[in-house]
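One-letter residues, chain by chain:
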Protein chains: 2
Amino acid sequence: MNSTLSPSSWAMQCTAFDAPQADALRVQSDVLVVVSARGRIEAVIARDDPRWAAQRERHAVAGQLRELPAGSYLLPGMIDVHVHAPQWPQMGKALDVPLADWLQQNTFPLEARYGDAAFAESVYRPLVRQLLANGTTTAMYFGTLHDSGNRVLAEECLRQGQRGLVGRVAMDEPSQCPPFYRDASAQAAIDGTEAFIETVARLPGNAGGLVLPVITPRFIPSCTDELLAGLGALAQRTGVHVQTHCSESDWAHQHVLERCGMTDAHALHRFGLLTRRTVVAHANFLTPADVALMADTGASVAHCPLSNFYFANSVFPARAGHAQRLGLGLGSDISGGYSPSMFDACRHAITASYALDEGVDPDLPPAQRGRHNARIDHVFALWLATAAGGAALDLPIGRIEAGQQFDAIVVDCEAPDSNICIWPGSDSPADVLQKIIYNATRANVAQTWVQGALVHARATP
Amino acid sequence: MNSTLSPSSWAMQCTAFDAPQADALRVQSDVLVVVSARGRIEAVIARDDPRWAAQRERHAVAGQLRELPAGSYLLPGMIDVHVHAPQWPQMGKALDVPLADWLQQNTFPLEARYGDAAFAESVYRPLVRQLLANGTTTAMYFGTLHDSGNRVLAEECLRQGQRGLVGRVAMDEPSQCPPFYRDASAQAAIDGTEAFIETVARLPGNAGGLVLPVITPRFIPSCTDELLAGLGALAQRTGVHVQTHCSESDWAHQHVLERCGMTDAHALHRFGLLTRRTVVAHANFLTPADVALMADTGASVAHCPLSNFYFANSVFPARAGHAQRLGLGLGSDISGGYSPSMFDACRHAITASYALDEGVDPDLPPAQRGRHNARIDHVFALWLATAAGGAALDLPIGRIEAGQQFDAIVVDCEAPDSNICIWPGSDSPADVLQKIIYNATRANVAQTWVQGALVHARATP
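Residues numbered from 1 in each chain as written. Chains lettered and ligands numbered in written order. Predicted model: local features only at pLDDT ≥ 70, side-chain atom pairs only at ≥ 80, totals over all residues. Heavy atoms only, no water.

As recorded by an unreviewed UniProt entry, chain A carries the name Guanine deaminase and is attributed to Acidovorax cavernicola. Under Sequence similarities (unreviewed entry), UniProt gives the following word-for-word description of chain A: "Belongs to the metallo-dependent hydrolases superfamily. ATZ/TRZ family." According to its UniProt record, chain A has this under Pathway (unreviewed entry): "Purine metabolism; guanine degradation; xanthine from guanine: step 1/1." (UniProt positions renumbered as here; feature names shortened; annotations may be inferred.)

Visitor: Any chance you could explain the nonpolar core here in plain terms?
Guide: Note that soluble globular proteins tend to have their nonpolar side chains buried in a common cluster. Grouped together as the largest cluster of nonpolar side chains are 170 residues, with contacts concentrated most on Tyr310(A), Ile436(A), Tyr310(B) and Ile436(B). Apart from residues lying up to four places away in sequence, Ile436(B) is in contact with Phe17(B), Tyr73(B), Leu75(B), Phe343(B), Arg347(B), Val411(B), Cys413(B) and Ile420(B). (Core = buried A, V, L, I, M, F, W, Y, C linked by side-chain atoms within 4.5 Å. Buried < 20%, exposed > 50% of the residue type's maximum accessible area, 1.4 Å probe, protein only. Contact = heavy atoms within 4.5 Å.)

Visitor: I'm lost on the packing of helix α3 (residues 117-133) of chain B against helix α4 (residues 147-160) of chain B in this one. Help?
Guide: Relative placement of two packed helices is described by the angle separating their axes and the distance separating the axes. Residues and elements named next belong to chain B. Between α3 and α4, the shortest axis-to-axis distance is 9 Å and the interhelical angle comes to 35°. The crossing of α3 and α4 is right-handed. When α3 is examined against α4, the residues Ala-117, Ala-120, Glu-121, Tyr-124, Arg-125, Leu-127, Val-128, Arg-129 and Leu-132 are found in contact with a partner set consisting of Ser-148, Gly-149, Val-152, Leu-153, Glu-156, Cys-157, Arg-159 and Gln-160. Of the residues assigned to the contact of α3 with α4, the class counts are nine nonpolar, three polar and five charged. (Axes fitted to C-alpha atoms, helices over the stretch in contact; angles between N-to-C directions. Helix = DSSP H or I, 4+ residues; strand = E, 2+ residues; numbered from the N terminus. Left-handed = near helix turned anticlockwise from the far one by under 90°. Nonpolar A, V, L, I, M, F, W, Y, C, P; charged D, E, K, R; others polar.)

Visitor: Got a minute to help me understand the relation of the copies chain B and chain A in this structure?
Guide: Superposition of the two copies of the chain requires a rotation about an axis together with a shift along that axis. Overlay of chain B on chain A (RMSD 0.0 Å): rotation 180°, translation along the axis 0.0 Å. Taken together, the rotation angle and the small translation identify this as a two-fold axis. Comparing interface residues between copies, 100% of those in chain B also lie at the interface in chain A; the contact surface is shared. (Least-squares fit on C-alpha atoms with pLDDT ≥ 70 in both.)

Visitor: What is the right way to look at the pattern of salt bridges in this model?
Guide: Two side chains of opposite charge can pair, provided their charged atoms sit close to one another. Under the counting rule described, the total for this entry stands at 62 salt bridges over all chains. Between Arg259(A) and Asp225(A) there is a salt bridge; the shortest N-O distance is 2.8 Å. Here Asp225(A) lies in helix α6 (residues 225-238) and Arg259(A) lies in helix α7 (residues 250-260), a separation of 34 residues in the sequence. Between Asp394(B) and Arg277(B) there is a salt bridge, with the nearest N and O atoms lying 3.0 Å from each other. With Asp394(B) in the loop between α14 (378-392) and β14 (408-412) and Arg277(B) in the loop between α8 (264-270) and β11 (278-282), the pair connects residues that are 117 residues apart, well separated along the chain. On the basis of relative accessibility, which here comes to 32%, the residue Arg277(B) falls in the partly exposed class. Look at the salt bridges and you will find they share partners, linking Asp18(A), Arg26(A), Arg399(A) and Glu401(A) into a network. (Salt bridge = Lys/Arg side-chain N within 4 Å of Asp/Glu carboxyl O.)

Now the structure itself:
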């Protein structure tokens, strides 16, 4: 623990839950979380630490103490590592149409509209606001091809105080991209990506690096080799984050095998696109060699359990990946996933893992039905959505401990529309956390904090 | 349409969504829903019906017109056909422990406490209130073995105005039930059940039959043959509803096969327990002959997709069952399911069906992975949760049309904590409904109506 507390710090007295490891729930009861003026956690002082009373008094006298009321708890902010920002208007829509229609008739025409900065603002402003209201303190966003729209998204993150990783999407392969929505050439896409990296670096107010740029080839099928190689070189040269999709579905996996003569992961690696700051979405069909390669490079998977059901023909085996040192994070995959809530993503990660473990078809004999040791529990899910995501993004977020940024949420179990039913006589703190993970909604997110700043507070009736 | 409208009727001007058939969404735009003083829908008058303006005027002048604001929609009330009322305090808890521990260390000790009427009231009062707040207008409840607790549950339904089907649980098989929570004998359980049927019939205020009794053998493994036969005779004699569990898991299915020499469904039929008013929960492992038998008897299945993931070793094939004329309804299965929201149940029904359709294990070849034609969509899910449930219960509820009870909810897409994002320029009414089904939470349930009475109104900030 850092023993030097800055004079300008403030403190929150609370019970904090986090999951620093995949199978380890940490309950810090009635602690003082001391936060620096720049938003870093300086110390978490335990109730039985001799400094607790003095530090509480010091902050109280200075008017720098916040106490959470009974029934409210501090959790790390949710880290959503896969969001298609321009798809926000169609969230929860057109999930009943074939994939080709979903893409060509709905998604691409919608994404093509973000050259219009006013339209972009009309979408991205409520998007960021509503993700913050749901407790998402960090989002890794796919933007679009448009400089103007992507800049609006980055500005909205800054303006509203969300930690945002924003990607300028690149896609130039004529056979896969519609004429109204593709890059004019590989070089144009590379130049556009490089320009966007510059744009983000120079955004007024972004000296602290709250918003980061991301190199974003949509996925191998929609990019030419020239584009992929150019973006890989840019990633190696600049060290900025990379995001793409990888082996999501039978079709995508097979398409890349045929085109590249190797798997998605190995092809991405060949192009220089697997780095310590790479997040590939889905990755359901990784081979054992792919998993080993990704673990060696330090690249991570954005597990998107909800959209797996709709688009991935299978469930990503998260527990097995973790056992093989694969980096992981959790994604809503808006709008391939219909929900903006990372609590929903946690719950879907659990149910999907149970489906994988038990199998689904009652007409098969039990021994042929499932794939055992695939289950994850609510603690693993919380870890995925917080500490794992922080590690995947190579950022000091996702845990409530000294040295981390104070990116956190206050969950109010007694909110007016709460479905979390706590029975004080019989629920342990661990039970309370389990009930939170299983039933928290946006209505329970009383406060959202990013880098020490209060960026959302729920209206109270 | 009923052309005689009673003078004491009132009317709601609204756009109503319902799903009278499994694959048929009905949008009734800007209609007048005319409701009798006794809570029955007398007419749904279309906007282009010549009577619309006159009826609107008549009700407005009489102060008997309610207009839903823009962004609010009328849906049938949610019908939850499988709720374990006494398990409410452990909802969202202990889902990470083995089934034996869940039952013996958590569930049975909790259920054993409901001989204490004060404890029962401390649970059942918030249970009914919170289900109403989530939009559940009708619930089919498993109670406990206790006359006192079950009476409290029935009284709470009446007091708060929820349509409740309440079952006195019967379980007397010593090898399966703990000594502290089982019926003393088959006859004692039969007598207790008969007495509870009388109790409900005589409850003050229940002349309209808002609360109905249910014959409730827990499931075959926990009941002796004598008990099952006695309850079957009671069902045949009285015609009251029946509920139980059926072929939920590999273990349960196999256990009954070995004990009875036949499947669960056939054994229940032999005991006289499959009637037009029977709802069996889960039924994942029905054989084709079981499905045919159930369709012939008119008995229905409570599909509980969420608890399927945790306890049923598989996904119930809802679409196939429907194609074979099997009656269906949707259940939360609190607390085997962690969520009290039937919107969650709708969503889990959809994702479970996709998992069944596509399969889950990416290491299997696509052809061996899934079971095709298993998918349901959001309209099927809405139908399951409303019209199908009404048919399963043999009650005139679940649709917005003349002759049905006015059991309905108002969904406010613009509620403060809403995750439903409507884009007026591009979302059709059918899109709006899809977005409601995919993202509605309790926060969107502005009003809940049962039999024409407003039984819940959301507090506004």
